Amino acid sequence: MTDQPMSPDVASRPMDPRATELRGGRFGLVDLYRASMQAGGGAVIEGRTFVDCTIEGPALMLVLENVSFDRTNFGPTGGNMRNMLFRPMGDMGIGAIPVRNCTFTNCRFLTLGITGNDELLNMLIEQVTTVDDSQN
Amino acid sequence: MTDETAKMSPAEAAGRAMVARTSFEKEAVWLPVLAVNHWNAGEMAITGKTFTDCVIEGPAVMAVMNGTTFDGCNMGAAANPRNLLLKPLGDKIVGAIGMADCRFVRCRFAQVAFTGSDDLLAELESGITAGNSAMEKAGGGAA
């Protein structure tokens, strides 16, 4: 059961899990992470450009250095950006999917949580205007 | 009575069968798939299941809800139990997998973090070290 993709699109449409640019797809972040690891991409999603993608959870994204969100719809959050944010109580990101040196442009997140350092969390709270989108 | 599974794809039927199960024993459970199968069946939380001698795999964050218990479990590889815990910043939780009235017996968690109320996080923090220690003394071998 552990190789079952969460998003049917991953199974039906070929996707290179190590592609540096992903454009227009709909996929689970966990599926991408596992596929990337299995393809030798390491334990961090790194150096990618995501354009016009719908990225699904359930998953927690650990935002590391040089990650930018441009025109990103963070998805349904009950009207409060804080509802998708988590502060680590320790100094490791167990359970989260690390993302570094990535750009998300015109993407949409569904049931994704985000964690990172306090600076990042505060920046997201202050700057993101969440669009609660009823169309999943 | 109509057999609804006859109209489903094999993957969907397998997902519904997983949702219908109330016990899991000596098997690996990929938590994100278990959650998505529940969501696809219209259930936004996983409730009323017993996991015995299982490996519960992430990466995932479990929102520990009412009635969920851990008995003799190894909660994950972390020298500091706080590394397994996340504090939600809002009053709702997006991105985590809600589990209510579930029982974990002698399970081992891999790449799973936990979140919930402040009281729950404090309880987990004190319980994780004791649980991991007991599991190690017992030989540590979940499925």
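Residues numbered from 1 in each chain as written. Chains lettered and ligands numbered in written order. Predicted model: local features only at pLDDT ≥ 70, side-chain atom pairs only at ≥ 80, totals over all residues.

S.K.: Explain the sheet that holds strand β9 (residues 102–105) of chain A residue by residue, including any values.
M.R.: All names here are of chain A. An order of β1-β4-β9-β6 is seen for the four strands of this open sheet, with the pairing classed as parallel. Only two strands of the sheet have a single neighbouring strand rather than two, namely β1 (21–23) and β6 (67–70). Mean inter-strand twist for the sheet, computed between neighbouring axes without regard to direction, equals 10 degrees. Here β1 pairs with strand β4 (residues 49–51) via three bridges, running parallel. Note that in β4 the partner of Leu-22 across the bridge is Phe-50. (Pairing = 2+ DSSP bridges. Helix = DSSP H or I, 4+ residues; strand = E, 2+ residues; numbered from the N terminus. Axes fitted to C-alpha atoms, helices over the stretch in contact; angles between N-to-C directions.)

S.K.: Run through the confidence of the model for chain B, naming residues and quoting values.
M.R.: Residues and elements named next belong to chain B. Scored by pLDDT, chain B comes out at a mean of 88, with 87% of its residues at no less than 70. Ranking the elements of chain B by mean pLDDT puts helix α3 (residues 118–137) last, at 79, and strand β4 (residues 50–52) first, at 98. Among the prediction metrics, the complex's ipTM stands at 0.86, with pTM recorded as 0.87. (pLDDT = per-residue confidence, 0-100.)

S.K.: Talk me through the interface of chain A and chain B; I want residue IDs and the actual numbers.
M.R.: Tallying the contact residues gives 33 residues for chain A and 34 residues for chain B. Of all the elements in the fold, those that place two or more residues in the side of chain A that touches chain B are α2 (29–38), β5 (54–63), β7 (85–88) and β10 (108–115) of chain A. Looking at the side of chain A that touches chain B residue by residue, the classes come out as 18 nonpolar, twelve polar and three charged. Here three bridges tie β7 of chain A to strand β7 (residues 85–88) of chain B, and the two strands are oriented antiparallel to one another. Looking at the pairing, Pro-88 of chain A lines up with Leu-86 of chain B of β7 of chain B. (Contact = placed C-beta atoms within 7 Å. Nonpolar A, V, L, I, M, F, W, Y, C, P; charged D, E, K, R; others polar.)

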